[in-house]
Amino acid sequence: MAGWLPIAEIAAGVRAGELKAADLVERALAVIEAKAEYNAIIATTADRARERAAAVDAGDNQGRLAGVPFIAKDNFLVFGADTTAASNILRGFDAPYQSTAIEKLEAEGAICVAKANLDAFAHGSSTENSDFGTTFNPVDKTRVPGGSSGGSAAAVMLELAPFALGTDTGGSIRLPASYCGAVGLKPTYGLVSRSGVVAMGSSLDCIGPLTKTVADAALVLDVMAGRDDLDSTTIEKDSYVDLGIAPKAKIGVIKEYMGEGLQPAVRTQIEAAIERLKAAGHEIVEVSLPSLPAALAVYYILCPAEVSSNLSRYDGQRYAHTYKDAKNLDESYMKSRSTGFGKEAKRRIMIGTYVLSSGYYDAYYKKAQTVRTKIINEFAAAFEGIDFLIGPTAPGTAFKIGENVADPLQMYLVDILTVAANLAGVPSISVPAGLADGLPIGLQIMAPQRADRALLEIAKQTEGLLA
Amino acid sequence: MCDFCYNHRQMADLTRDDILKLARLARLDLTDDEVAEYSTELTEILQYVELLQGVDVAGLEPTNQVTGLTNVTRADEVHDYGYTPADLLKGVPAVEGDQIKVKRMIG
């Protein structure tokens, strides 16, 4: 089966009456069934998708995404299937309202057809940590797709739908994009409302698209972005469509991202990509952000701290899962949480509880927030003289299933090149940069806060240069 | 001394008792295997993050938010989002009237 058309063309075809939303939805559902062995999907929203397709074909929501099927990571509240966040503690949770992002996409005519697999509560870098089983990398089934939006990245590359939504707290959109060969965009912090998305680390969480092309990602972002009364951290949007030709830019290669620890074939590919950008007329300079090697340690204090707070709401009283035989409320909390949460959620809750506890708060949490300031200042200083920062998205290619499961710290280290953008709130995109040792890798491009449009323009040019 | 203070000990050296205390604070009932596993893993993770102690942050303030927004407010008005209390309570394990029902607090 041939791939999906560009999203704008699909929607134009539906609006012109040349394509039927019902056919597009049936096609997506058929591919989902045909590729079920990859376990990219937790559940379909088939009944609701068919109803919505019929409504679009009857003339409703003939907007910029008319009839375009998409897949939402299963931490977005969506009608038509349970929202589980891939955790047993939410199994059976039927969302009472939808995410703002989903509402905005639906208003333009997009149709959610399925919920994608993820590491439970988006805690992980491989999608192995799902209570619904691991997702397999579309390029090599013995390997992970990356995480935590691994189901979303695999879904796009398996052509289950033209686009998928992910969330990125420390790299969870960009890492699987790199491992699977997709485009993955983490916008500026606050550009897309998080209302109705299962919270992980609220000072870091971002929503973004996974797509096959930069133009598709830009259109989806344009629909989702902007202020929302239901998320007070949201900021004003710019326009992200009708992208212009990227002006000649000064691009900084992050020295700390090209150091030891890079897989040699990844280095070769990234250096080749940099040469292409140079040949296209951009000025390439080396830039040092000396505190970046501390970013992962900052992240692994702040993120669990925020996780331990955000996950306190899963107490057995408010959502689907509860331990029925508890004698009193305290036992109900203890047993419901212990039987509902998986290993990694418990691990992060424990770390977060520790670093926030009296006697350690200053040494860990406050120190981490202060080092975060230092990292933000280094980004600001770098962006005074240059337009974009680049480097690899990840130090290596997709690893083997099971390889890092027994060593949580090793698993955390694969996010070492992505977490800094979350700490600083800057936009970052992973663009496919070919194969290294036969597996996909991504080139990561970062821009100053709110420069998402410029980032998409340079990413679009880069995608063309590397194709 | 506070309820959870280890200042007299080496940081990031988590014993079985520490893990049990943490688990109690986090309302987690861990198995013996989990306690053993977490005391090794958490110690390793905390040792890694201790590299921050060597970062010079003289004169810097902690970051609390990154995009510079201040005092995001809205009019103090009731909005109708189209949901009833029953809609919002539909996934709750035990409900009585419009309220979440929980087990007894004591005993």
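As the structure is a computational prediction, the values presented were derived from the model and not from experiment. (Residues numbered from 1 in each chain as written. Chains lettered and ligands numbered in written order. Predicted model: local features only at pLDDT ≥ 70, side-chain atom pairs only at ≥ 80, totals over all residues. Heavy atoms only, no water.)

Trainee: Quick question: what am I supposed to make of the overall build of chain A here?
Mentor: Each helix and strand counted, chain A has 15 helices and 11 strands in total. In terms of overall dimensions, chain A is globule-like: its C-alpha atoms have a radius of gyration of 21 Å, near the 23 Å expected for 467 residues. Principal-axis analysis of the C-alpha atoms gives chain A an extent of 70 × 65 × 45 Å. Counting across all 467 residues of chain A, residues that qualify as buried make up 66%. Surface summary for chain A: the accessible area is close to 14500 Å², and the carbon and sulfur share equals 51%. Side chains of chain A carry 44 positive and 54 negative charges; the gap between the two charge centres is 3 Å. (Helix = DSSP H or I, 4+ residues; strand = E, 2+ residues; numbered from the N terminus. Rg over C-alpha atoms; globule rule 2.2 N^0.38 Å. Buried < 20%, exposed > 50% of the residue type's maximum accessible area, 1.4 Å probe, protein only. Areas by Shrake-Rupley, 256 points an atom, 1.4 Å probe, with all protein chains shown as cover. Lys, Arg positive; Asp, Glu negative; His and termini not counted. Charge placed at Lys NZ, Arg CZ, Asp CG, Glu CD.)

Trainee: Looking at this structure, how should I read the pairing of strand β8 (residues 283–287) of chain A?
Mentor: Residue and element names in this part refer to chain A. As judged from the 5 bridges shared by strand β7 (residues 250–254) and β8, these two strands associate in the parallel manner. Paired with Ile254 across the bridge in β8 is Val287. Between β7 and its parallel partner β8, the chain crosses via helix α8 (residues 264–279), and the hand of that crossover is right-handed. (Pairing = 2+ DSSP bridges. Right-handed = clockwise from strand over helix to strand, strands pointing away.)

Trainee: Any chance you could explain the interface of chain B and chain A here in plain terms?
Mentor: Accessible area lost upon the coming together of the parts is a frequently used measure of interface size. If you look at the interface, chain B gives 58 residues, while chain A gives 75 residues. The largest share of the area that chain B buries against chain A comes from Tyr48, Leu52 and Val66 of chain B, three residues that together contribute 11% of it. The salt bridge involving Asp29 of chain B is made with Lys335 of chain A; its shortest N-O contact spans 3.2 Å. Where chain B meets chain A, there are 24 residue pairs in polar contact (both at pLDDT 80 or more). Mapped onto the side of chain B that touches chain A, the elements with two or more residues apiece are α1 (16–25), α2 (32–49) and α3 (85–88) of chain B. By residue number, the principal contributor to the side of chain B that touches chain A is α2 of chain B, which donates 10 residues. Tallied by class, residues from the side of chain B that touches chain A come to 37 nonpolar, 6 polar and 15 charged. (Contact = heavy atoms within 4.5 Å. Buried area = accessible area lost by both parts, 1.4 Å probe. Salt bridge = Lys/Arg side-chain N within 4 Å of Asp/Glu carboxyl O. Polar contact = N/O pair within 3.5 Å; in protein donor to acceptor, adjacent residues only side chain to side chain. Nonpolar A, V, L, I, M, F, W, Y, C, P; charged D, E, K, R; others polar.)

Trainee: Explain the state of the cysteines to me, please; I cannot follow it from the model alone.
Mentor: Every disulfide links exactly two cysteines, by a covalent bond between their sulfur atoms. Residues and elements named next belong to chain A. Evaluated as defined, the whole model comprises 0 disulfides over all chains. Left without a disulfide partner, Cys180 is nearest to the cysteine sulfur of Cys112, which lies 19 Å away. Considering cysteine sulfurs only, Cys303 is the nearest to Cys206, which forms no disulfide, with 13 Å between them. (Disulfide = S-S within 2.5 Å.)

Trainee: Please clarify how a nonpolar patch on the surface should be interpreted in this entry.
Mentor: Residues Leu230 of chain A together with Tyr81, Tyr83 and Leu88 of chain B make up a contiguous nonpolar surface patch of roughly 390 Å² in combined accessible area. Examined against the element boundaries, Tyr83 of chain B turns out to sit in the loop between α2 and α3. You can call Tyr83 of chain B partly exposed: its relative accessible area is 32%. (Patch = residues over 30% accessible without salt bridge, like charges linked within 9 Å, V, L, I, M, F, W, Y side chains within 5 Å.)

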